Amino acid sequence: GKARDMYDDAIASGLSAAYAEEKSGDVFNLSLGNLPSGSKAEIKIRMVGELPIEADGRVRYTLPSVLKPRYTPEGSSDPLAATQNARVKEATVAGVFQFRMRVEGSERVAEVSSPTHKLKTERVADCVDVHIAEEGPLRGDVTILIGYKDPHEPMALVEAGIEGRKSKEMRSKVVMLNFFPKFSSLKAACEFIFVVDRSGSMRGSYIKSASETLVLFLKSIPEGCYFNIVSFGSRYESFFPTSQPYNQETMEKATKFAVMMQADFGGTELLAPLQYIFKQPSQSSGLPRQVFILTDGSVGNTSSVISEVRKNSDSTRCFTFGIGSGASTALVRGIARAGNGSAEFIADNERMQSKVIRSLKKALQPSANNVAVTFNLPNSYQVKVVPDKIPSIYNGDKTVIYGILMEKSAQKKGRVKCKATLTGDIVGKKFKFDIPFELTDTQSEEDVSVIHQLAVKKMIQEWQDDGESYEEKHKKEMTELSSDASVVSRYTAYIAVDVAQNKPVSGSMKSYELSAYLPALHHRCSGPASGGVALVNKKKKRGLSAPMKRSKEIKRNSDIDMCFETAVVPVSRPCLSQTVSSPPTQTGAGLIVSLQLANGSWVLNDQLAGVVSKSVEELKSCCPVSCDDDVMANIWATLVVIELLKKKYPSMLDELELVIMKAERWLSKQVLPSDVSLTTLIEDAIKIV
């Protein structure tokens, strides 16, 4: 396009220039050329994006440090395909990484923590300043968790219109609505298919964690469900020919398979196994199939995979899990959006199990239907809701909706009280959430438009998600909005040329593809706990111009910030050696869970007794009634195990919740001797543990 031609012309003329473009949803390429020998260049990147929410309501921010090579099938037209074999050269200086974050609204912040790095935090005025406590170059992704005192409180943020912009969307006020609903829990039988990435890039701790998670998943499935396991890499394999009823026999077979899994399937080809799954007849009655995709995200044909999921979203919901550094956010989030599911990311030092069980809980309940947002505003406003199609809403899942408030006539002076209302129903039960907010007659004279940019980015994303024909229909509007909002898209690019340069750079030119770690960064975090959080670099900078049409004449560089959704640099993850070995020895909670039967109970035997450091006879003697009968012995064993899990593993109760619930359901169906109550048995079980 024209922008790339301008960059090439500038380089050929000996001028210094920079060019940035979106290669694929979460991957951006920045070229910086013709730097005189011995000179320095400073690159500042501004990122704006909605942040995901953890199960406990904490906001999660991750700064990626690596871009994994993406496996691309032969003949793929994916934008990343041409770069798969590019050589990466180290920078000429050591990477120095300094990380600073400022969290605004400290009165609502309960804590700031990190599963990846040690932090230093300090409350200054209305902010929390966050620093990495470790010295020296940092390795791996940086993940920050921000806990709020009342995470489920709905909230609205209003941003004034920006003077001088071309589009109505940027000149109008925008309200950002943040919902984090909490509904009553509903359970239903389903068909579950667990899709496991067993490609070479999953070797080491990733496949071990996937194996342990699959075992927990198998133990957490309630009775009455169907299930199957599909492994994929360069090829794919289905464990059962078709999904099977969940019972003791099928669970034991699947569990033995799970503990023996190896990352020995070569590359990462996800499209073929998904096509195979979608062609299979659904085994569940009246409910969609639930597919859980667990991958490190090293997939090249992302758009084809997402398109296939979207075509089958009427019959199948897809829940995705991105594992480790460099997992493709475009793939993981894109599949979840297209499949009406949800996406989770697991850092290298985080437990995968709690994330998978969180999604399993969502899959066991229907999503909200007939969801709508209405606005109580003065008649002078017309509202454009973004996204146009409100996504599925689950219990404990955040929802962010934007209202672009376009004025039809002049607004009266002063403050105006307004309200937005989210309504819907779950299995016929109505729900309603109100969020009040105020409007003023002011216009912003600043060139900072975080909420506007988030709204525009979501509009563009929705057009792209609706397929190529729909995207082509909105290409002109998408391009104009991208340029006006300074939000990069696949139809626009950034271009900067140093036209004030006195003389061309001379001498032979060397080319480098850098894998140094990201430079010093300073972030400001502001917004509500429910996910409408923006991260911005506070300082204005002179550098790349706003994204321009690739086929349009580029104006001279101006003081407009770059807006990248995700920042990455190309660093390959070291390949870990792997040998086929015997099943790992299970300990602790993992061992206890592995002993549970499909119906939810535990058998009183030597292995279980060893878990509580007693013999079978000692355990029987602690029971207030005779345990000579096998059923009573198993009732007693199950009660002891439940209390043991609650007392010994309190930090893991989120991931053990479904295991315990299944055990309690089994207990509720049992008939106890007339001379003892369940309360008495529980009290005696507590004494043992």
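Procedures and definitions
- Residues numbered from 1 in each chain as written.
- Predicted model: local features only at pLDDT ≥ 70, side-chain atom pairs only at ≥ 80, totals over all residues.
- Heavy atoms only, no water.
- Helix = DSSP H or I, 4+ residues; strand = E, 2+ residues; numbered from the N terminus.
- Buried < 20%, exposed > 50% of the residue type's maximum accessible area, 1.4 Å probe, protein only.
- Contact = heavy atoms within 4.5 Å.
- Areas by Shrake-Rupley, 256 points an atom, 1.4 Å probe, with all protein chains shown as cover.
- Salt bridge = Lys/Arg side-chain N within 4 Å of Asp/Glu carboxyl O.
- Phe/Tyr/Trp six-rings, centres within 6.5 Å; stacked < 30°, edge-to-face > 60°.
- Pairing = 2+ DSSP bridges.
- Axes fitted to C-alpha atoms, helices over the stretch in contact; angles between N-to-C directions.
- 1 Å grid on protein atoms, 1.4 Å probe; cavity = no way out; pocket = protein on both sides within 12 Å on 5 of 7 lines; lining within 4 Å.
- Points joined across faces, edges and corners; volume = space filled by probe spheres on them.
- Nonpolar A, V, L, I, M, F, W, Y, C, P; charged D, E, K, R; others polar.
- Left-handed = near helix turned anticlockwise from the far one by under 90°.
- Parallel < 35°, antiparallel > 145°, perpendicular 65-115°, else oblique.
- Arc of directions from axis to C-beta.
- Polar contact = N/O pair within 3.5 Å; in protein donor to acceptor, adjacent residues only side chain to side chain.

> I'd like to hear about the overall build of the chain, residue by residue, with values.
What the chain contains, in helices and strands, is 17 helices and 26 strands. Taking all 689 residues of the chain together, the buried fraction comes to 53%. Considering only contacts within the chain whose residues lie at least 6 apart along the sequence, 74% involve residues at least 24 apart. Within the structure as shown, the chain displays about 31,100 Å² of accessible surface, and the carbon and sulfur contribution to it stands at 49%.

> Provide a residue-level description of the pattern of salt bridges, including the pertinent values.
Throughout the structure, instances matching the rule amount to 25 salt bridges. The partner of glutamate 237 in a salt bridge is arginine 235, with the nearest N and O atoms 3.5 Å apart. One salt bridge connects lysine 384 with glutamate 477, and the closest N-O pair in it is separated by 3.7 Å. Taken together, the positions of lysine 384 in strand S19 (residues 381–386) and glutamate 477 in helix H11 (residues 475–485) put the pair 93 residues apart, joining distant regions of the chain. Note on lysine 384: relative accessible area 25%, which makes it partly exposed. A network of salt bridges, in which partner residues are shared, links Glu50, Lys398 and Lys458.

> Go over the packing of aromatic side chains with me, naming the residues and quoting the values.
For the structure shown, the criterion picks out 14 aromatic pairs. Ring geometry for phenylalanine 292 and phenylalanine 319: centres 5.2 Å apart, planes at 20 degrees, overall stacked. Taken together, the positions of phenylalanine 292 in strand S15 (residues 289–295) and phenylalanine 319 in strand S16 (residues 316–323) put the pair 27 residues apart, joining distant regions of the chain. Taking the centre distance of 5.9 Å and the plane angle of 50 degrees together, the rings of phenylalanine 431 and phenylalanine 433 count as tilted.

> Any chance you could break down the sheet that holds strand S20 (residues 399–407) for me, citing the residues and the numbers?
Spatial ordering of the open sheet is given by S9-S10-S20-S19, a layout of four strands whose pairing is antiparallel. The sheet is open, and its two edges are formed by strand S9 (155–159) and S19, each paired on a single side. On average, adjacent strands in this sheet sit at an angle of 20 degrees to one another, irrespective of strand direction. The pairing of S19 with S20 spans six bridges and is antiparallel. Paired with lysine 384 across the strands is isoleucine 404, a residue of S20.

> Explain the sheet that holds strand S22 (residues 429–439) to me, using residue names and the numbers behind them.
What the three strands build is an open sheet, ordered S18-S21-S22; its pairing is antiparallel. Each edge of the open sheet is held by one strand with a lone partner, namely strand S18 (369–376) and S22. Averaged over all pairs of adjacent strands, the angle between strand axes in this sheet comes to 15 degrees, irrespective of strand direction. Relative to S22, strand S21 (residues 416–426) is paired through 11 bridges, and the arrangement is antiparallel. Counted as the bridge partner of lysine 419 is proline 436 from S22.

> Kindly report on empty space enclosed by the protein, identifying the contributing residues and their values.
In this structure the tally under the stated criterion is four cavities of 30 Å³ or more. Counted as a void, the largest cavity has a volume near 60 Å³. Surrounding the largest cavity, 11 residues form its lining, Ile193, Asn228, Thr242, Ser243 and Gln280 being those nearest its centre. Elements with a minimum of two residues in the lining of the largest cavity: strand S11 (191–197), strand S12 (226–232) and helix H5 (271–279). Tallied by class, the residues present in the lining of the largest cavity amount to five nonpolar, five polar and one charged.

> Residues and numbers for the packing of helix H3 (residues 205–220) against helix H8 (residues 353–363), please.
In contact at an axis separation of 9 Å, H3 and H8 are set at 35 degrees when each is read in the N-to-C sense. Read as a crossing pair, H3 and H8 show a hand that is right-handed. Contacts between H3 and H8 involve Ser209, Glu212, Thr213, Leu216, Phe217 and Ser220 on the former and, on the latter, Gln353, Val356, Ile357 and Leu360. Taken together, the residues that form the contact of H3 with H8 break down as five nonpolar, four polar and one charged.

> Give a description of the packing of helix H15 (residues 630–648) against helix H16 (residues 653–668) that names residues and reports values.
Where H15 meets H16, the closest approach of the two axes is 11 Å, and the angle between their N-to-C directions is 160 degrees. Judged by the angle between their axes, H15 and H16 are roughly antiparallel. Considering only the axes of H15 and H16, their crossing is left-handed. Taken together, the residues of H16 that come into contact with H15 (itself represented by Asn634, Ile635, Thr638, Leu639, Ile642, Leu645 and Lys646) are Leu653, Leu656, Ile660, Ala663, Glu664, Trp666 and Leu667. For the contact of H15 with H16, the class distribution of residues is 10 nonpolar, two polar and two charged.

> Outline helix H1 (residues 2–12), supporting the account with residue identities and numerical values.
Taken together, the buried positions of H1 are occupied by Ala3, Tyr7, Ala10 and Ile11. Buried residues in H1, looked at end-on, bunch into an arc of 100 degrees, giving them a common side. Exposed positions of H1 whose direction lies more than 90 degrees from the buried face are Asp9 and Ala12. Of the surrounding secondary structure, the elements contacted by the buried residues of H1 are strand S1 (17–24), strand S2 (27–33) and strand S23 (492–497). Just past H1, the residue glycine 14 takes up positive phi, approximately 85 degrees.

> So what's going on with unusual backbone geometry? Residues and values would help.
A cis amide bond, omega 5 degrees, links valine 386 with the succeeding residue proline 387. Along the chain, proline 387 turns up in the loop between S19 and S20. Phi at asparagine 34 is positive, roughly 60 degrees, even though this residue is not glycine. Relative to the elements of secondary structure, asparagine 34 occurs in the loop between S2 and strand S3 (59–63). Positive phi, normally seen in glycine, also occurs at asparagine 340, with a value near 55 degrees. Mapped onto the fold, asparagine 340 is located in the loop between helix H7 (329–338) and strand S17 (343–346).

> Tell me about the side chain of threonine 268, and name the residues and values.
Note that threonine 268 resides in the loop between helix H4 (248–259) and H5. At 3.1 Å, the side chain of threonine 268 forms a polar contact with the side chain of serine 199.

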